[in-house]
Amino acid sequence: MARSLSLKRSAIIAAHYRLQESIAVITLDNPPVNGLGFDTRVEAAAGIDRALADTSVTALVLTGGSKLFSAGADIREFNTPKATAEPTLHTLIRVIEASTKPVIAAINGACVGGGLELALACHFRVASATASVALPEVKLGLLPGAGGTQRLPRAIGVEAALNMIVSGASVPASQLAQTVLFDEVVTGDALDAAIAFARKIVAEKLPLKRIRDLRIDYPNAEGFFAFARNTVATVAKNFPAPLKCVDAVAAAVSKPFDEGLRYERGLFLQLVQTPESRALRHAFFAERAASKIPDVSDDTPTRGVRSVAVIGAGTMGSGIAMSFLSAALPVTLLEMSQGALDHGVATIRRNYEASVARKKLAPEKWDAAMALLTPTLRYDDLAKADLIIEAVFEEMDIKQQVFRELDRVTKPSAILATNTSTLDVDRIADATTRPQDVVGMHFFSPANVMKLLEVVRGAKTGKDVLKTVMDVAKTIRKTAVVAGVCDGFIGNRMIEHYLRQAMFLLEEGASPPQVDRALEKFGMAMGPFRMSDAAGNDVGWRIRKRRYVEKPQMRYSRVADRLCEQGRFGQKTDAGWYRYESGRRDAIPDPAVDALIAAYRREISVTPRKIADDEIVDRLILALVNEGARILEEGIALRASDLDLVYLTGYGFPLYRGGPMFYADTLGLYNVVRRMKELAAIPNADADFWQPAPLLAKLAAEGRMFNG
Ligand SMILES: NC(=O)c1ccc[n+]([C@@H]2O[C@H](COP(=O)([O-])OP(=O)(O)OC[C@H]3O[C@@H](n4cnc5c(N)ncnc54)[C@H](O)[C@@H]3O)[C@@H](O)[C@H]2O)c1
């Protein structure tokens, strides 16, 4: 039977048992984070049974070793039978709580989620001052489902517990030293202290303490929870879990313990099923999956990156330089002229200064970052750099010339990266004698802020280069997603079709504010027209002009060209799809734009119609989905979740919808295809575009999903 097969125990020991005189020490051992997987639970429960059966044992110490206690559930077992197999965490907790001999948790390092719930079931807890506790389930759209919402308020008080559970934040043990949670917080190793503590309580015959037996005395409960619900509802917006956390903690006050536990369980089971929790869990796993490249194993040797050079100190170059400086890596910044160089350095200084003013950065960190920056006008100064990132003008000739120069001056082990948005990375690589060293690193603007980094793998990019760049991305705290070479890579290739639909909608009768409102109501951080105004309408104009030549069969509305012909490039010219008051970013609807659109409709003889918000959202989002399917099919992206991650981290797609491909899965691909057929039949529709991509059609026909 599949179930018994998958439940086969691994040969590796997941918890150790040893006796230290009359104290049994059970050490969880499930690297890397002592996840409470099936084997660990089985062996921990067996250890407890063994200690209880051994008459020479007087007390038990449960620990995770010197580094950390436990990070909670073993996420590798999510969605497998092992996750729910007995002994479950609930069972283990019951076994510990019911033990007739004292069980003491010895907590070093992180004690998180199910790990903390386990510790809360022990009779006593001893922690090192550097340990920390957290119940982060809310971050996955859940709540602690193994008694955490009932025991923590009894241990540290209702308000402190609610804060921890609703925020998921980690709290140092030292901060909770005076609460019932910790019997001792020690400066050294918690295990030695816990063993000494065990001896003491045995000698003193102290009674067992069970947190479940504590009564919560909280006279203002009703007023407090009403206030908490209001505050949490404003912050939680589209996420249901934080409010359920409040309900669960409220139950800890109003209900007897066992009833509270059942109530918590019920809420947990409700939350697991919500689309928001599914989306958050999807995003969590997408992030982990993105760093895995099937043909580049984890042990691929990497090239060390200890110093970086950036070519071009414009919008992108200065932000890219900051990303490395902030991660304490020295950066040499090269420009063509002293003026451009000074301008770039001034931008970097100004950005840091603003962070210091907003108290986001300590002044000494600013000094440290600036001290790592070496501006230069000489290519020879790049000889020692391990990684060079080019961010010059978007012109193939210029880029090739820069790469020829880099080929000449940089050391043989250096990685040569380009930040191009649209040019062919392979052609750039071919300008060098070492295309294996060339890779795309496509940052997003502002590069010092945006999390997303598309790593573009050229036809000849070395595996060691790819692995090194993926590791570097972690160092500078970016979310890296691998893309193959194509125009626009993943994100911009998809957005082009989203924007094409936005323009068609204007032709047919919608206005920029209506389209933006519909998409913002859907959850996008910014509607397409506000986004274009922020990025600069001239960027899209340049790309379209190229498309008219390269792909004359592809339909584009010319309405955006009309806008650009008037010099309305967006925020930077105080006029675009909206108008802007000088120095401000508020988009103000502009009758001049309505007139321009109306004139264009007359020019192409289209009678405007009233367009529903649903149609607007479906057309834009399904345009992303259909192009996403093509990208997957061509192997430009490795997996559907990578596309979702690109949109969540780079394009303001709502997290609670999990990304465009995940959203399509939640609609059901069969329904997506049906809707595309309807959209193809709308007057003026680009019927060719609405042909479902073959991969989408196939998955829909087979009843499958993108993220399946
Ligand atoms: N702006 C964006 O939103 C964005 C986003 C992602 C990628 N990109 C890409 O990043 C690159 C740079 O874009 P940007 O917006 O920063 O442009 P920019 O015009 O702001 O900056 C380019 C800088 O490169 C310098 N430069 C030009 N030729 C040079 C050379 N031979 N040697 C040294 N310096 C040189 C220029 O003086 C200028 O300061 C482009 O390839 C662009 O496609 C831009």
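Definitions and limits used
Residues numbered from 1 in each chain as written. Predicted model: local features only at pLDDT ≥ 70, side-chain atom pairs only at ≥ 80, totals over all residues. Heavy atoms only, no water. Buried < 20%, exposed > 50% of the residue type's maximum accessible area, 1.4 Å probe, protein only. Helix = DSSP H or I, 4+ residues; strand = E, 2+ residues; numbered from the N terminus. Pairing = 2+ DSSP bridges. Right-handed = clockwise from strand over helix to strand, strands pointing away. Near = heavy atom within 4 Å. Polar contact = N/O pair within 3.5 Å; in protein donor to acceptor, adjacent residues only side chain to side chain. Areas by Shrake-Rupley, 256 points an atom, 1.4 Å probe, with all protein chains shown as cover. Contact = heavy atoms within 4.5 Å. Axes fitted to C-alpha atoms, helices over the stretch in contact; angles between N-to-C directions.

Engineer: Looking at this structure, how should I read the pairing of strand β16 (residues 452-457)?
Structural biologist: When a strand is regular, its side chains alternate between the sheet's two faces. Of all 6 residues in β16, 5 are buried, a share of seventy percent or more. Two strands pair when backbone bridges link them, and β16 and strand β17 (residues 479-484) are joined in this way by 6 bridges, in the parallel orientation. The residue bridging arginine 457 from the neighbouring strand is glycine 484, located in β17. In this view, the connection linking β16 to its parallel neighbour β17 by way of helix α18 (residues 463-475) has right-handed handedness.

Engineer: Could you clarify how one ought to interpret the site of the ligand in this entry?
Structural biologist: Around the ligand, the structure places 21 residues, and the nearest of them are Met316, Glu335, Glu394, Lys399 and Asn419. A distance of 2.5 Å separates an oxygen atom of the ligand from a polar side-chain atom of glutamate 335. When the ligand sits alone it has 830 Å² of accessible area, and the protein chains cover 78% of it. Going through the elements one at a time, α13 (315-325), α16 (396-409) and β15 (438-443) are the ones with two or more residues in the shell around the ligand.

Engineer: Teacher, can you tell me more about the sheet that holds strand β5 (residues 110-112) here?
Structural biologist: Strand pairing in a sheet relies on backbone hydrogen bonds, with the paired strands running either antiparallel or parallel. Sheet architecture is open: 3 strands sit in the order β5-β7-β8, paired in mixed fashion. The open sheet has two edge strands with one neighbour each: β5 and β8 (171-172). Bridge count for β5 against strand β7 (residues 132-134) is 3 bridges, and the pairing is parallel. Across the sheet, cysteine 111 pairs through a bridge with valine 133, a residue of β7. This element, helix α5 (residues 114-121), spans β5 and β7 of the sheet and lies at about 90° to β5.

Bear in mind that shape data such as this cannot, by itself, settle questions of function.
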